[in-house]
Amino acid sequence: MDIDTLRGFAYAFFTVLFTLFLYFYIVSMYVKDKKGITDYERYSQLALQDELNDTPIEPRHLSHKKG
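Residues numbered from 1 in each chain as written. Predicted model: local features only at pLDDT ≥ 70, side-chain atom pairs only at ≥ 80, totals over all residues. Heavy atoms only, no water.

## Some words on the overall build of the protein chain
- Of the regular secondary structure elements, the protein chain holds two helices and zero strands.
- Over its C-alpha atoms, taken along the principal directions, the protein chain stretches across nearly 60 × 35 × 25 Å.
- Residues classed as buried in the protein chain amount to 1% of the 67 residues present.
- Carbon and sulfur atoms provide 62% of the accessible area of the protein chain, an area that totals close to 6,900 Å².
- In the protein chain, 8 side chains carry a positive charge and 9 a negative one; their mean positions are 11 Å apart. (Helix = DSSP H or I, 4+ residues; strand = E, 2+ residues; numbered from the N terminus. Buried < 20%, exposed > 50% of the residue type's maximum accessible area, 1.4 Å probe, protein only. Areas by Shrake-Rupley, 256 points an atom, 1.4 Å probe, with all protein chains shown as cover. Lys, Arg positive; Asp, Glu negative; His and termini not counted. Charge placed at Lys NZ, Arg CZ, Asp CG, Glu CD.)

## Notes on a nonpolar patch on the surface
- On the surface, a cluster of nonpolar side chains totalling about 510 Å² of accessible area is made up of Met1, Ile3, Leu6 and Phe9.
- For Met1, a relative accessible area of 80% puts it in the exposed group. (Patch = residues over 30% accessible without salt bridge, like charges linked within 9 Å, V, L, I, M, F, W, Y side chains within 5 Å. Salt bridge = Lys/Arg side-chain N within 4 Å of Asp/Glu carboxyl O.)

## Focus: the packing of aromatic side chains
- Across all of its chains, the model carries three aromatic pairs by this definition.
- Ring centres of Phe13 and Phe14 lie 5.2 Å apart, and the angle between their planes is 70 degrees; on these two criteria the pair is classed as edge-to-face.
- Centroid distance Tyr40 to Tyr43: 6.2 Å. Interplanar angle 45 degrees. Geometry classified as tilted. One end of the pair is Tyr40 and the other is Tyr43, both in helix H2 (residues 40–43) and three residues apart, which spans about a single turn. (Phe/Tyr/Trp six-rings, centres within 6.5 Å; stacked < 30°, edge-to-face > 60°.)

## Here we look at the UniProt feature "transmembrane region" (unreviewed entry) in the protein chain
- Summarizing the sequence annotation, UniProt attributes the feature "transmembrane region" (unreviewed entry) to residues 6–26 in the numbering used throughout.
- Secondary structure over residues 6–26 splits into 100% helix and 0% strand, and the C-alpha atoms at its two ends are 30 Å apart. (UniProt positions renumbered as here; feature names shortened; annotations may be inferred.)

## Observations regarding the side chain of Thr38
- Summarising the element assignment, Thr38 is placed in the loop between helix H1 (3–35) and H2.
- The exposure class assigned to Thr38 is buried, which follows from its relative accessible area of 19%.
- Ignoring anything within four residues of it in the chain, the contact list for Thr38 reads Lys32, Asp33 and Tyr43. (Contact = heavy atoms within 4.5 Å.)

## Here we look at H1
- The end-to-end C-alpha distance of H1 is 47 Å, a good match for the 48 Å that 33 residues give at a rise of 1.5 Å each.
- One or two steps after H1, the chain reaches Gly36, where phi turns positive at roughly 85 degrees. (Expected span 1.5 Å × (residues − 1).)

What follows is the structure in structure tokens.
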């Protein structure tokens, strides 16, 4: 087995692996949206509401005080 064959197998393996990761990520986003865990429609407003004075999409929780 020469190096070109090994590179071909590695390329095919990683292509399939990354494609599976992408599809699992898309399915997890879809499930979270359907269950109401995360509302991705709100995040689409970031393109329109990007001024400094606009209200944040999510409230900011400060866990530590600025010193």
